[in-house]
Structures are given as C-alpha cells and as structure tokens.
Amino acid sequence: MTIVTKTHAAQMVTQKGKQFKFDAIECMIRFLEDKQDLIENSNLLITNYRKPGVMTDAKSASYTISEQITSPMGANLTGFDSLEEAKSIINDGSAQFYDWNGIFKKLN
C-alpha cells in the first residue's frame, strides 16, 4: 500500500522480516482481526502523530478517535506515544481515548 500521510501510517514486521505497510492505523488493526499469532509474534508499529516518520510500538501507544484530526481512511483514529501527549493535542470534548486492547476491540 502506498503511504499517503506519514502522520497516520502503521507497519507490521513479521518474525521472518516480511513488512506490511498500512496507510492508516485502522487498516492494520482490521487486517489483524483474526490473526492472534501475528499480533503476538510481529513487531507492530504506528506513527506518532506529533513526529511524522517516527514509529512507536503499537501495543504501548495511546490512541484517540476525534473529528479534530482526520485520518486517511476516515476513522479519525490517531496514535500517540502517550495518553498525556494525546490529551495535550486533542481538546475536543467528544474525543475518545484508548490503549491497544481498547482500540483493537473498538474496531473489530
């Protein structure tokens, strides 16, 4: 997949080094829906919104769904290094904040 927006990209790298690139975090999450072995045995990375091009561990990142920041595939899902960082940027009262398990359940 071609990465259009660096601020929302995601990537999975398997144990064998095969790379899967996603234009949006929600695409990676939906791809992993029934693939527990890949979730456990792959390196899952997302872009930190504040640092385009810098990847962070998807399982320790924080996520927000907010109309304040649109994502390429329309879920308005954005990733950050921490919850504090997300809340410092998103000041939308209707924003929803998640950890990895929460956003995975929300989208699947």
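This text goes with the structure placed above it.
The following paragraphs examine the structure supplied in this document.

The rules we used
- What you see as residue numbers is a count from 1 along each chain, following the sequence as written.
- Given that the model is predicted, a residue must reach a pLDDT of at least 70 before its local features are reported, and side-chain atom pairs must reach 80 or more before they are shown or counted; all residues, however, enter totals for whole chains, interfaces and linings.
- Think of the side-chain values as coming from all heavy atoms in the structure, minus any hydrogens and water.
- Strand pairing follows a simple DSSP-based rule, namely that at least 2 bridges must link the two strands.
- Comment: elements are numbered from the N terminus, with helices defined as DSSP H or I runs of at least four residues and strands as E runs of at least two.
- A fitted line through C-alpha atoms represents every axis, and for helices the fit uses only the stretch in contact; the resulting angles, taken between N-to-C directions, go from 0 to 180 degrees.
- Per-residue accessibility, obtained with a 1.4 Å probe over protein chains only, is compared with the maximum for each type, and a residue is labelled buried under 20%, exposed over 50%, and partly exposed between these values.
- Pairs of N or O atoms are called polar contacts if they sit within 3.5 Å, as long as, within protein, a hydrogen donor faces a hydrogen acceptor (for residues adjacent in sequence, only side-chain-to-side-chain pairs).
- Contacts are assigned to residue pairs with any non-hydrogen atoms lying within 4.5 Å of each other.
- Working definition: the arc comes from the directions between the helix axis and the C-beta atoms, pointing outward to the latter.

Across the sheet, 3 strands lie side by side as β6-β5-β7; this open sheet has antiparallel pairing. Two strands close off the open sheet at either side, each with one partner strand: β6 (77-80) and β7 (96-98). Strand-to-strand twist in this sheet, taken as the mean axis angle between neighbours without regard to direction, amounts to 25°. Note that strand β5 (residues 62-65) and β7 share 3 bridges and pair antiparallel. By the bridge assignment, Ile65 is partnered in β7 with Gln96.

Strand order in the open sheet made by the 4 strands is β2-β1-β3-β4, with antiparallel pairing throughout. The strands lining the two open edges of the sheet, one partner per strand, are β2 (19-22) and β4 (55-57). The sheet shows a mean angle of 25° between the axes of neighbouring strands, taken without regard to direction. Where strand β3 (residues 43-47) meets β4, 3 bridges bridge the pair, whose relative direction is antiparallel. Considered in β4, the bridge of Thr47 is made with Met55.

Relative to the assigned elements, Gln11 resides in strand β1 (residues 10-13). Residue Gln11 is classed as buried on the basis of its relative accessible area of 14%. Within the local environment of Gln11, its side chain forms a polar contact with the side chain of Gln19, the two groups lying 2.6 Å apart. In this view, Gln11 contacts Gln19, Phe20, Lys21, Phe22, Met28, Asn43, Leu44, Leu45 and Met55; residues no more than four positions away in its chain are not counted.

What follows is about the pairing of β2. With 4 bridges connecting them, β1 and β2 associate as antiparallel partners. Counterpart to Val13 in the pairing with β2 is Gln19. If you look at the hairpin formed by β1 and β2, you'll find 5 residues sitting between the two strands, and Gly17 has a positive phi there, around 90°.

Turning to its location among the elements, Asn48 is positioned in the loop between β3 and β4. For Asn48, a relative accessible area of 0% corresponds to the buried category. Only 2.8 Å separates the side chain of Asn48 from the side chain of Asp81, close enough to count as a polar contact. Apart from residues no more than four positions distant in its own chain, Asn48 is found in contact with Val54, Thr56, Gly79, Phe80, Asp81 and Glu85.

Let us look at helix α4 (residues 100-107). All of the buried residues along α4 are Trp100, Ile103, Phe104 and Leu107. Down the axis of α4, the smallest arc covering the buried residues is 105°, so these residues share one side. Among the exposed residues of α4, those pointing more than 90 degrees away from its buried face are Asn101 and Lys105. Looking at the buried side of α4, the elements it contacts are α1 (25-31), α2 (36-41), β3, β5, β6 and β7.

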